[in-house]
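Analysis of the macromolecular model
Okay, here's what each chain looks like letter by letter:
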Amino acid sequence: MKYFAGLDVSLEETAICVVEESGRIVKEMRAASEPEALIKALRKVGLPLERLGLEACSLTAWLHDGLRAEGLPAICIETRQANAAMKTMPNKTDRNDARALAQIMRTGWYRQVHVKSRQCRLWRALLVARRTVLNEMRSIENVVRAMLRESGVKLGTPSRTAFADGVRELAGTEVMAMVEPLLAILSVMLKEFARLTKQVLHIVRKEEVCRRLMSAPGVGPITALAFRATVDRPERFGSSRAVGAHLGLTPARYQSGETDVQGKVSRCGDELARTALYEAAHSLLVRSKKWSSLRAWGMNIARRRGMARARVAVARKLGVILHRMWADATEFRFGKEPAALAA
């Protein structure tokens, strides 16, 4: 007899449901959302578990690693499939959610999510922290600009380091009394932002894969580390072309009967890596001066379809190329410039 378990994880407690291969519920219980507590509860059941499913959430990686370390067959389930199964229950409760997850494990109707290594999770947390500080700095700068416009002052586009001096030079006494606290906050945030950026550069300097990825035009330390932390292991993709879809850079499609609509990019993957690749594509198309077959291909799309579509297309292709470079341990190939263009 085979047995399957579903775990509905919340911040404090986890609902557990164990079913047999016929679908009959064998055991239901609750335990604290800690690896030790869950292991103790599952061992107490005393049944050989074939699979144990957890829905992807903020605690999943930590719990997954703890359960796997004890030899339990824990699997992380793709969130959309888990939600689809949970909606079949008439009432939304933790108990019913655990039952739905257990049935998913029993039927095999699930898509297993790759749980990244702890090192990649730490790298990604660093990048998220850096981007959060950057976004908050932009928000405060926009508030300051709006306050100055109330007095008819147009600040222009000074650099981030010269922003505070520009405000102090143009703002009047009354406005300055309100703006000064915001400038003090910006000063502290700018200092801490530089510290976070320095940590990223220190990691990339020591990481061989990141240095190889940076041989591609437009790819800097942030993009290289974001891609490295998101992909984690290149062998988990059967084809490099799958990376574009994984990061949400391929068109969403709706087809039914005679209807066949292709929409905008799906944006269903990792937002951090997708944004980094989009910014790298913009840098490749606009700032890069060295000729490459990738840039020529992107500029051709820009002439026919516009720069916005070209950025997305180049971002997708750049992700595919970076994966192939990583898998084959090769540098970026710029290609051979046509003789007519060189002349």
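In case you missed it, the structure is sitting above this.
Residues numbered from 1 in each chain as written. Predicted model: local features only at pLDDT ≥ 70, side-chain atom pairs only at ≥ 80, totals over all residues. Heavy atoms only, no water.

1. Here we look at the packing of helix α5 (residues 118-149) against helix α9 (residues 221-231)
Relative to each other, α5 and α9 sit at 140°, their axes nearing to 9 Å. Put simply, α5 runs oblique to α9. Relative to α9, α5 is oriented so that their crossing is left-handed. Taking contact as the criterion, the partners of C120, W123, R124, L127 and R130 in α5 are, on α9, I222, L225, A226, R228 and A229. (Axes fitted to C-alpha atoms, helices over the stretch in contact; angles between N-to-C directions. Helix = DSSP H or I, 4+ residues; strand = E, 2+ residues; numbered from the N terminus. Parallel < 35°, antiparallel > 145°, perpendicular 65-115°, else oblique. Left-handed = near helix turned anticlockwise from the far one by under 90°. Contact = heavy atoms within 4.5 Å.)

2. Details of unusual backbone geometry
The phi torsion at D232 lies on the positive side, around 70°, for a residue other than glycine. Summarising the element assignment, D232 is placed in the loop between α9 and α10 (242-246). With relative accessibility at 10%, the residue D232 sits in the buried group. You will see that R267, though not glycine, has its phi angle at about 55°, which is positive. Mapped onto the elements of the fold, R267 is located in the loop between β7 (259-265) and α11 (271-286). (Buried < 20%, exposed > 50% of the residue type's maximum accessible area, 1.4 Å probe, protein only.)

3. What about helix α3 (residues 79-86)?
Within α3, burial applies to Q81, A82, A85 and M86. Buried residues of α3, seen end-on, are gathered within an arc of 135° and therefore sit on one face of the element. As for α3, its buried residues are in contact with β1 (3-9), β4 (49-55), β5 (74-77) and α4 (94-107). Measuring from the side-chain oxygen of the N-cap residue of α3 to the backbone nitrogen of R80 gives 3.0 Å; that N-cap residue is E78. (Arc of directions from axis to C-beta. Polar contact = N/O pair within 3.5 Å; in protein donor to acceptor, adjacent residues only side chain to side chain.)

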